[in-house]
Amino acid sequence: MDQLLVALDVDTAAEARALAHALRGLVGGFKIGSRLFTSQGPSIVEELAARGDRVFLDLKFHDIPNTVAGAVAAGTRLGAWMINVHASGGAAMMRAAREAAEEEAARRSTTKPLLVAVTVLTSLGHEALSDVGVAGDAGEQAGRLAALAEAAGLDGVVASPEEIGLIRRRCGTSFAIVTPGIRGAGDVKGDQSRTMTGPDALAAGATYLVVGRPIIAAADPRMAAEQFVMECRAAKTS
């Protein structure tokens, strides 16, 4: 299932390799975030990319434009298929990131990675946003940031399932929406407050689904992934 990206939220390269081996051919790619990257470094990105895996480098770069541009160029050299930045870093930062990805890919004669912007973290509700000075609800903020990312020339955004419809209406059908916060109907939400099931998120218009704990914490991750894929396909044909 090309739309399913599994989060390798583990501590060691050995665990990541085992999960990738078990899930390869069934899922569309793997997300490497700050936990695995900090523990194991860039080599795990290069290793999986060299095997032909699509790697979503989820480090949420958020800094001055020059620094983010350098980081995105480095991620492009690693072979990342998708890289994200924080939309709240502003339009100039996002434009610098896009230009860096384009220029580095051109130098290496490779395909430019997809560049997406994080809108509002799925763990943040209205009260948490208010605490950091954001007026309005998460949907309004996500919509504003998505429009800013689109204007900066990015390929899409990372947004919770609850904002998919709003962003689709504002940014159109070709704009990628990467959706974390995916849970099964009976799963515990944990630290994510804005969640949805995979079939519902796809029906709402998600381009990619990021799933971590429901798959990687299962006793049999491949079986859990197979069940997830089966539920999504069944919902699509019903």
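Residues take numbers from 1 onward in each chain, read along the sequence in its written order. Confidence filtering applies because this is a predicted model: local features only for residues at pLDDT of at least 70, side-chain atom pairs given and counted only at 80 or more, and all residues used for totals across whole chains, interfaces and linings. Remark: hydrogens and water are excluded; side-chain values derive from all non-hydrogen atoms of the structure.

A. Quick look at the packing of helix α4 (residues 65–78) against helix α5 (residues 91–108). Here an axis means a line fitted to C-alpha atoms, over the contact stretch when the element is a helix, while the angle between two N-to-C directions is reported on a 0 to 180 degree scale. For the purposes of this entry, the term helix denotes a DSSP run of H or I that reaches at least four residues, the term strand denotes a run of E that reaches at least two, and both are numbered from the N terminus. Contact geometry of α4 with α5 gives a least axis separation of 8 Å together with a crossing angle of 35°. You can see that α4 and α5 cross each other, and the crossing is right-handed. Residues P65, V68, A69, V72, A73, T76 and R77 of α4 form the contact with α5, whose own contacting residues are A92, M93, A96, A97, A100, A101, E104, A105 and R108. Think of it as three bins: nonpolar holds Ala, Val, Leu, Ile, Met, Phe, Trp, Tyr, Cys and Pro, charged holds Asp, Glu, Lys and Arg, and polar takes everything else, Gly as well. Its residues placed into classes, the contact of α4 with α5 shows 12 nonpolar, one polar and three charged. Put simply, a crossing is left-handed when the front helix is turned counterclockwise from the back one by less than a right angle, and right-handed when it is turned clockwise. By definition in these notes, contact holds between two residues if any of their heavy atoms fall within 4.5 Å.

B. Here's a closer look at α5. Over its 18 residues, α5 extends 26 Å from the first C-alpha to the last, a length consistent with the 26 Å expected when each residue adds 1.5 Å. Each residue is placed in one exposure class: buried if its accessible area under a 1.4 Å probe, protein chains only, is under 20% of its type's maximum, exposed if it is over 50%, and partly exposed if it falls in between. Taken as a whole, α5 has its buried residues at M93, M94, A96, A97, R98, A100, A101, E104 and A105. Looking at the packing, one finds that the buried side of α5 touches β3 (55–61), α4, β4 (82–86), β5 (114–118) and α7 (138–151). By this rule, a helix spans an expected 1.5 Å times one less than how many residues it contains.

C. Here's a closer look at the side chain of Q141. Mapping Q141 onto the fold places it in helix α7. Sequence-distant contacts of Q141, defined by excluding residues within four places in its chain, comprise V120 and V134.

D. Structural view of the packing of aromatic side chains. Here is the rule: rings of Phe, Tyr and Trp (six-membered ring for Trp) pair when centre to centre is within 6.5 Å. Planes less than 30 degrees apart are stacked, more than 60 are edge-to-face, and the remainder are tilted. As enumerated under the stated definition, the model contains one aromatic pair in all. With 5.3 Å between their ring centres and 90° between their planes, W81 and Y208 make a pair best called edge-to-face. Of this pair, W81 sits in the loop between α4 and β4 while Y208 sits in strand β8 (residues 208–211), placing them 127 residues apart in sequence. The buried category is assigned to W81, whose relative accessible area is 18%. It is R54 that lies over the ring of W81; its NZ or CZ is 4.2 Å from the centre. Only when the NZ of Lys or the CZ of Arg is both within 6 Å of the ring centre and within 35 degrees of the ring normal is a charge said to sit over the ring.

E. View of the nonpolar core. Here, nonpolar core refers to any group of buried Ala, Val, Leu, Ile, Met, Phe, Trp, Tyr and Cys residues whose side-chain atoms link them within 4.5 Å. In this structure, L4, V72, V85 and M94 are the most contacted members of the largest nonpolar core, which totals 57 residues. Of the residues forming this core, the biggest block, five residues, is contributed by helix α1 (residues 13–23). When sequence neighbours within four positions are dropped, the list of residues in contact with L4 reads V27, G28, G29, L209, V211, I215, F228 and V229. Counting 11 residues, the second largest nonpolar core, distinct from the first, contains L5, A7, W81 and V118.

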